[in-house]
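The residues making up each chain are set out below.
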Amino acid sequence: RKEVEQDPGPFNVPEGATVAFNCTYSNSASQSFFWYRQDCRKEPKLLMSVYSSGNEDGRFTAQLNRASQYISLLIRDSKLSDSATYLCVVNTNAGKSTFGDGTTLTVKP
Amino acid sequence: DVKVTQSSRYLVKRTGEKVFLECVQDMDHENMFWYRQDPGLGLRLIYFSYDVKMKEKGDIPEGYSVSREKKERFSLILESASTNQTSMYLCASGDRPRYNEQFFGPGTRLTVL
């Protein structure tokens, strides 16, 4: 079993749709959690950190459930520019980052 | 803005050659990382470093070594390149604490013939 598992893609949604990605992790000592976005042939870039209290940044909402070892990302009112691969990342306090394989989102007109 | 630069975007080498991949960051970050990214396998950590002259093995260190002589520079070395090391190599840096977010360079696509 992988340390970080994400929903298999791809997700193909129309503009304006709401889409949710899920991620589970196996290491209970995990310290911090992130969602990164990676465009085709580009490097990953931080989208948002994920906090236990949940956090929102515009159309994006991230949630963390430590008890269930589960992270989610919700995108509301999808835009064409949201098309990308979304990577779930889990860090331990020893500094090791484990990346999920990513979920590919395509938003269509 | 954090800037992480890598010495080459594309590199073609022959089997058995010694290969150096250089990474430089300009934000005085303590932490630096080397990953490779392959289709179907995601990003995998090769080596990381939390300070000058220190290094720790990641998940797939075999066939690689690293060097960190200065805080801003982290080098990945393939002592004798092999075809299974053809991949996209990504360098990243991050600030303390160790589990903070990371900033990536543009990547080096290495092809070993």
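Here, the structure is the one placed above.
Residues numbered from 1 in each chain as written. Chains lettered and ligands numbered in written order. Predicted model: local features only at pLDDT ≥ 70, side-chain atom pairs only at ≥ 80, totals over all residues. Heavy atoms only, no water.

Asks: Would you mind showing me how to read the overall build of chain A here?
Replies: Scanning chain A for helices and strands turns up zero helices and eleven strands. Mapped from its N terminus to its C terminus, chain A presents α and β elements in the order β-β-β-β-β-β-β-β-β-β-β. Against the 2.2 N^0.38 benchmark of 13 Å for 109 residues, chain A shows a C-alpha radius of gyration of 13 Å, consistent with a compact globule. If one aligns the C-alpha atoms of chain A with their principal axes, the spans along those axes are about 45 × 30 × 20 Å. The proportion of buried residues among the 109 residues of chain A is 48%. The long-range fraction of contacts in chain A, counting pairs at least 24 apart against all pairs at least 6 apart in sequence, stands at 55%. Separation of charge centres in chain A, based on 12 positive and 11 negative side chains, amounts to 3 Å. (Helix = DSSP H or I, 4+ residues; strand = E, 2+ residues; numbered from the N terminus. Rg over C-alpha atoms; globule rule 2.2 N^0.38 Å. Buried < 20%, exposed > 50% of the residue type's maximum accessible area, 1.4 Å probe, protein only. Contact = heavy atoms within 4.5 Å. Lys, Arg positive; Asp, Glu negative; His and termini not counted. Charge placed at Lys NZ, Arg CZ, Asp CG, Glu CD.)

Asks: What exactly am I supposed to notice about the sheet that holds strand 7 (residues 64-70) of chain B here?
Replies: Pairing between the strands of a sheet comes from backbone hydrogen bonds, and it takes one of two forms, parallel or antiparallel. Residue and element names in this part refer to chain B. If you trace the four strands from one edge of the open sheet to the other, you get 1-3-8-7, paired in antiparallel fashion. Two strands close off the open sheet at either side, each with one partner strand: strand 1 (4-6) and strand 7. Across the sheet, the mean angle separating the axes of adjacent strands is 20 degrees when strand polarity is ignored. (Pairing = 2+ DSSP bridges. Axes fitted to C-alpha atoms, helices over the stretch in contact; angles between N-to-C directions.)

Asks: Which parts of the structure should I look at to understand the packing of aromatic side chains?
Replies: For any pair of aromatic rings, the description rests on two quantities: the centre-to-centre distance and the angle between the ring planes. Within the structure shown, the criterion is met by 13 aromatic pairs over all chains. An angle of 90 degrees between the planes, with centres 6.0 Å apart, marks the rings of tyrosine 36 of chain A and phenylalanine 104 of chain B as edge-to-face. On the criterion of chain membership, the pair formed by tyrosine 36 of chain A in strand 4 (residues 30-38) and phenylalanine 104 of chain B in strand 10 (residues 103-104) is interchain, its members lying in two chains. Residues tyrosine 36 of chain A and phenylalanine 104 of chain B agree in their burial class; the two are buried. A ring pair is formed by phenylalanine 99 of chain A and phenylalanine 104 of chain B, whose centres lie 5.9 Å apart and whose planes are at 75 degrees; its orientation type is edge-to-face. With phenylalanine 99 of chain A in strand 10 (residues 97-99) and phenylalanine 104 of chain B in strand 10, the pair connects residues from two separate chains. Among the aromatic residues, those joined into a ring-pair cluster are Phe34, Tyr36 and Phe99 of chain A together with Phe33, Tyr35, Phe48, Tyr50 and Phe104 of chain B. (Phe/Tyr/Trp six-rings, centres within 6.5 Å; stacked < 30°, edge-to-face > 60°.)

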